[in-house]
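Structural overview
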Amino acid sequence: MKTKTLNHAHPSKMEARYIDEIRKMSPQQRFDKLIAIIEISFLLKTAKKISK
């Protein structure tokens with residue numbers, strides 16, 4: 001598996017890269033990615049808050 005590196009570029013270039021990456025994905029891969037984002041969002045929302 002090829003490791004991905006963080007790519008910091010102009011936002012328009014990054015957006016074009018993400019769109020190109022998504023177009024290459026199958027519908028099942030898109031769905032899996034969406035579910036992963038939703039799960040992470042839920043975990044962050046329900047995480048225990050650390051107070052100082």
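Coordinates for the structure precede this section.
Notes on the structure follow. (Residues numbered from 1 in each chain as written. Predicted model: local features only at pLDDT ≥ 70, side-chain atom pairs only at ≥ 80, totals over all residues. Heavy atoms only, no water.)

Thoughts on the overall build of the protein chain
In terms of regular secondary structure, the protein chain is built from two helices and zero strands. When burial is assessed residue by residue, the protein chain has 4% of its 52 residues classed as buried. (Helix = DSSP H or I, 4+ residues; strand = E, 2+ residues; numbered from the N terminus. Buried < 20%, exposed > 50% of the residue type's maximum accessible area, 1.4 Å probe, protein only.)

As for the pattern of salt bridges
In this structure the tally under the stated criterion is three salt bridges. Between Arg17 and Glu21 there is a salt bridge, with the nearest N and O atoms lying 4.0 Å from each other. Remark: Glu21 and Arg17 occur in helix 1 (residues 11–23); sequence separation between them is four residues, near one turn of the helix. By relative accessible area, Arg17 is classed as partly exposed at 31%. Here Glu21 falls in the partly exposed class, since its relative accessible area comes to 22%. A salt bridge links Asp20 to Lys24, with the shortest nitrogen-to-oxygen separation between them at 3.4 Å. Beyond isolated ion pairs, a larger network of salt bridges with shared partners links Arg17, Glu21 and Lys33. (Salt bridge = Lys/Arg side-chain N within 4 Å of Asp/Glu carboxyl O.)

Looking at a nonpolar patch on the surface
Side chains of Phe31, Leu34, Ile35 and Ile38 sit close together on the surface and give an oily, nonpolar patch of about 350 Å² of accessible area. Relative to the helices and strands, Ile35 is located in helix 2 (residues 27–46). (Patch = residues over 30% accessible without salt bridge, like charges linked within 9 Å, V, L, I, M, F, W, Y side chains within 5 Å. Areas by Shrake-Rupley, 256 points an atom, 1.4 Å probe, with all protein chains shown as cover.)

With respect to the environment of Thr46
Summarising the element assignment, Thr46 is placed in helix 2. At 2.9 Å, the side chain of Thr46 forms a polar contact with the backbone oxygen of Phe42. (Polar contact = N/O pair within 3.5 Å; in protein donor to acceptor, adjacent residues only side chain to side chain.)

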